[in-house]
Amino acid sequence: MSISNEIHSLKEYSSGLRNVLSMYLNTNPGDHEQTNGAWKIHLKNGMKDLEKFLAGSDKEEELKSFQGLKKKVMSEIEDNKVDLHKGVVIFASDNPELWSVHYVQVPVKTSFDWEDKPVLEQFEYMYKAYPEAAIVLPSFGEVRILDTAMGFLRDDLSFVFDPNLETWGEE
């Protein structure tokens, strides 16, 4: 699914209850604020703060939902910690099911939200700043196409011209 379609479907999503986690986590190793894996501390503190807030609100169902999502998010981050690039964006809910994970190559401002809909402002801004695009690199007898979105290379295609058949074919 393209990112624009994903944004559209996320805008349409509504749980009716407050049980949607929107997480933006800056994991950029080049960021001076992220020295020695500081993103791990931001992740733990963000989750702990949300859990404290929900525990104080006397909404047992919300707290239970959050704790399940917290385990799933922590497992996702742990399993993919070598693929974190510059940031990770996660939208998650358990009722109805929502699980959207994006490892991005663009700057991300760390934030954690617990609402009835995904918080998309930062995600939409990132998409507008780094939209889906293709780079076409022609050369003699060959064309290379790079498909990118949010600074991340999604696909690399090469086509070669066969002069005997006078056709183009994928390499």
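As the structure is a computational prediction, the values presented were derived from the model and not from experiment.

Colleague: Just to check I follow, could you spell out the layout of surface pockets for this structure?
Modeller: Think of a ball as big as a water molecule: rolled over the atoms, this probe shows where empty space is left. Here the largest pocket is characterised by a volume of approximately 200 Å³. Lining the largest pocket are eleven residues, and of these Ile 3, His 102, Tyr 103, Phe 152 and Arg 154 lie nearest its centre. Going through the elements one at a time, helix H1 (3-12), strand E3 (97-104) and strand E7 (152-162) are the ones with two or more residues in the lining of the largest pocket. The element that contributes the greatest number of residues to the lining of the largest pocket is E3, accounting for three residues. A per-class count over the lining of the largest pocket returns seven nonpolar, two polar and two charged.

Colleague: Got a minute to help me understand the environment of His 42 in this structure?
Modeller: Position of His 42 relative to the elements: it lies in helix H2 (residues 38-56). When its relative accessible area of 35% is taken as the criterion, His 42 is described as partly exposed. Spatially, the C-alpha atoms of His 42 and Ser 111 are 9.1 Å apart, while their sequence positions differ by 69 residues.

Colleague: Would you mind going over helix H4 (residues 121-129) with me for this structure?
Modeller: Each turn of an α-helix holds 3.6 residues, which means side chains three or four residues apart point in the same direction. Of the positions making up H4, those classed as buried are Gln 122, Phe 123, Met 126 and Tyr 127. On an axial view of H4, the arc spanned by its buried residues comes to 140°, and they lie on one face. Of the exposed residues in H4, those oriented more than 90 degrees away from the buried face are Glu 121, Tyr 125 and Lys 128. Contacts from the buried residues of H4 go to H1, strand E1 (20-26), strand E2 (87-94), E3 and strand E4 (111-115).

Colleague: Would you mind going over the packing of aromatic side chains with me for this structure?
Modeller: Ring pairs (aromatic) are described by centroid distance and by the angle formed between their planes. Overall, the coordinates contain four aromatic pairs when judged by the stated rule. Between Phe 66 and Trp 114 the ring centres are 5.4 Å apart and the planes differ by 90°, which places this aromatic pair in the edge-to-face class. On the criterion of sequence distance, the pair formed by Phe 66 in helix H3 (residues 60-79) and Trp 114 in strand E4 is long-range, its members being 48 residues apart. Classification of Phe 66 by relative accessible area gives buried; the value is 0%. The buried category is assigned to Trp 114, whose relative accessible area is 3%. Members of the aromatic cluster, each reached through a chain of ring pairs, are Tyr 24, Phe 91 and Phe 123. Sitting above the plane of the Trp 99 ring, Lys 72 keeps its charged end 4.5 Å from the centroid.

Colleague: Which parts of the structure should I look at to understand unusual backbone geometry?
Modeller: Of note, the bond from Asn 95 into Pro 96 is cis; its omega dihedral lies within 30 degrees of zero at -10°. Along the polypeptide, Pro 96 turns up in the loop between E2 and E3. Of note, the phi angle at His 85 is positive, near 50°, even though the residue is not glycine. In this fold, His 85 is placed in the loop between H3 and E2. Here His 85 falls in the partly exposed class, since its relative accessible area comes to 29%. Despite not being glycine, Glu 166 shows a phi value in the positive range, around 55°. Mapped onto the elements of the fold, Glu 166 is located in the loop between E7 and strand E8 (167-170). Exposure remark for Glu 166: the relative accessible area of 64% places this residue in the exposed category.

Cut-offs used in this document
Residues numbered from 1 in each chain as written. Predicted model: local features only at pLDDT ≥ 70, side-chain atom pairs only at ≥ 80, totals over all residues. Heavy atoms only, no water. 1 Å grid on protein atoms, 1.4 Å probe; cavity = no way out; pocket = protein on both sides within 12 Å on 5 of 7 lines; lining within 4 Å. Points joined across faces, edges and corners; volume = space filled by probe spheres on them. Helix = DSSP H or I, 4+ residues; strand = E, 2+ residues; numbered from the N terminus. Nonpolar A, V, L, I, M, F, W, Y, C, P; charged D, E, K, R; others polar. Buried < 20%, exposed > 50% of the residue type's maximum accessible area, 1.4 Å probe, protein only. Arc of directions from axis to C-beta. Contact = heavy atoms within 4.5 Å. Phe/Tyr/Trp six-rings, centres within 6.5 Å; stacked < 30°, edge-to-face > 60°. Lys NZ or Arg CZ within 6 Å of the ring centre and 35° of its normal.

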